[in-house]
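The chain contents come next:
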Amino acid sequence: MPLTTYWLEHAWLDTNVEPGVALDVLDGRITAVRTGVEAPPPGAVALRGLTVPGLANAHSHAFHRALRGTVQVGSGTFWTWREVMYNVAQRLTPDSYFALARAVYAEMALAGITAVGEFHYLHHAPGGAPYADPNAMGEALIAAAGEAGIRITLLDTAYLSSGFGAAPERHQLRFTDGTAEKWAERVSALKDRDGVRVGAAIHSVRAVPADQLSTVARWAEDRGAPLHVHLSEQTAENDACLAAHGRTPTQLLADHGVLGARTTGVHNTHMTDADIALIGSTATGTCMCPTTERDLADGIGPAVALQRAGSPLSLGSDSHAVIDLFEEARAMELNERLRTRTRGHWTAAALLRAATADGHAALGWTDAGALGQGALADFTTIALDTVRTAGPVPRLAAETAVFAATAADVHHVVVAGRVVVRDGTHVNVPNAGEALATAIATLRT
């Protein structure tokens, strides 16, 4: 690709909004950043509004997008929601999963997301038989992200038990490889490539027996790969873990070498003070998913305490009740305001860092998430003249983005220097809504 210059009317540069910024992009990276450029240079691509680093969705289950609306009918609990989710999971094939994920990832791109962490446990055919390519479902997700134009960290997930050593239930048979060793053998055939990182995940302490946790952790450590785990999302999981092992899920993970700087706990909702100290002292990350946590009535996690203890924060849309990282960011702050009845736990800049640099780091993309020389050329432009964003002075554009903008205000997205979304339309999937409707309808027939 030839050198391209992007002129940003306003740009968020780590801590502040700068007017008139020019980015030179070559071979997918930012080669120069120039401030004080009052007008677009000749031949530059002008981006009006506020440009921020691309957003990182650190926790996704792509197929859960098919549940939107359906699981909002009536009442119930996380556990009744899970039964509906299992029914959708049973219907997916590699082809239908590709079609659904392509549309879901296009929706993410339209929301300004340039990298996704896909927590992937739907490995085998219904009943548990491997496909001819044992990684057919994971490869379908990788291909879908490629067509949607976003980066993916495939967090291939070990899921071996229905609960603390019990055999998998019928709906869970296609999730399991039998043992952690067989999981490691299968996932080792997946390789990093352009726009793709392969990481690992432990579904939860209930789904991976304690004596096999270290196998997954060692696989990730040997490869320097990110390792994610659903952690203390439900009080029932904590109670069951205490009954089975006499310790909390966090303490159990620590005992088996799972915690650490490349590890991210997803949710971290119901934690003791000792748990928070363990997470922080090991620099284990925390991925908050506020729109899912409130949709499932999970509770409000101790994000402030975790960050103060030393846990970097990232954000995810998880079950995709909505796909909107601005909503995730502000929900984290607004949830904390409701819980404490005080305001201002995070600045807009801190919330943007969780949605950008820290989210990318959690997914193994340490060279993304900033508008700086040498960084990957992934960025998102938010309109500042919509009914939601019009009015505030430009120097408050970061506050406007975090506390007022929605995914609908994203109008330009660049990944690796290539335009993915132009003027609010996806370049490769111009009818993303229709693609979503078709893919989801297919699962009902």
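Structure shown above.
Figured I'd write up the structure that's included with this text. Given the structure is predicted, the values throughout are model-derived calculations rather than measurements.

All right, on to the packing of aromatic side chains then. Within a pair of aromatic rings, the relevant descriptors are the distance that separates the centres and the angle that separates the planes. For the coordinates displayed, the defined rule picks out 8 aromatic pairs. Measuring from centroid to centroid gives 5.2 Å for Y6 and F379, while their planes differ by 80°, and the two rings are edge-to-face. In this pair, Y6 is assigned in strand 1 (residues 4-13) and F379 in strand 13 (residues 379-382), connecting sequence segments 373 residues apart. Each ring, one from Y121 and one from F175, has its centre 4.8 Å from the other, and the planes form 75°; the classification is edge-to-face. Of this pair, Y121 sits in the loop between strand 6 (113-120) and helix 3 (136-148) while F175 is found in the loop between strand 7 (151-158) and helix 4 (180-187), placing the two residues 54 residues apart along the sequence. The ring centre of W365 lies 5.2 Å from the NZ or CZ of R151, which sits over that ring.

Moving on, we come to the pattern of salt bridges. Within the structure shown, the criterion is met by 16 salt bridges. Here R68 and E107 are joined by a salt bridge, their closest N and O atoms 3.2 Å apart. A residue pair is termed long-range when its members are at least 10 positions apart, and R68 in the loop between strand 5 (55-60) and helix 1 (78-89) and E107 in helix 2 (residues 94-110) qualify at 39 residues. We classify R68 as partly exposed; its relative accessible area is 28%. Here R339 ties to E336 by a salt bridge, and the two come within 2.4 Å at their closest N and O atoms. In this pair, R339 and E336 both sit in helix 11 (residues 325-340), 3 residues apart, roughly one turn of the helix. We classify R339 as partly exposed; its relative accessible area is 48%. The exposure class of E336 is buried, given its relative accessible area of 3%.

This part is about the sheet that holds strand 14 (residues 410-415). If you trace the 8 strands from one edge of the open sheet to the other, you get 3-2-1-4-13-14-15-16, paired in mixed fashion. With one partner strand each, in any of the chains shown, strand 3 (29-34) and strand 16 (425-426) form the two edges of the open sheet. Of the pairings in the sheet, the one linking strand 15 (residues 418-422) to strand 16 comprises 2 bridges and is antiparallel in character. Counted as the bridge partner of V421 is H426 from strand 16.

Tracing the chain through its elements places P302 in the loop between helix 9 (290-295) and helix 10 (303-309). Between the alpha carbons of P302 and R341 there is a distance of 14 Å; along the sequence they are 39 residues apart.

Cut-off values and rules
- Residues numbered from 1 in each chain as written.
- Predicted model: local features only at pLDDT ≥ 70, side-chain atom pairs only at ≥ 80, totals over all residues.
- Heavy atoms only, no water.
- Phe/Tyr/Trp six-rings, centres within 6.5 Å; stacked < 30°, edge-to-face > 60°.
- Helix = DSSP H or I, 4+ residues; strand = E, 2+ residues; numbered from the N terminus.
- Lys NZ or Arg CZ within 6 Å of the ring centre and 35° of its normal.
- Salt bridge = Lys/Arg side-chain N within 4 Å of Asp/Glu carboxyl O.
- Buried < 20%, exposed > 50% of the residue type's maximum accessible area, 1.4 Å probe, protein only.
- Pairing = 2+ DSSP bridges.

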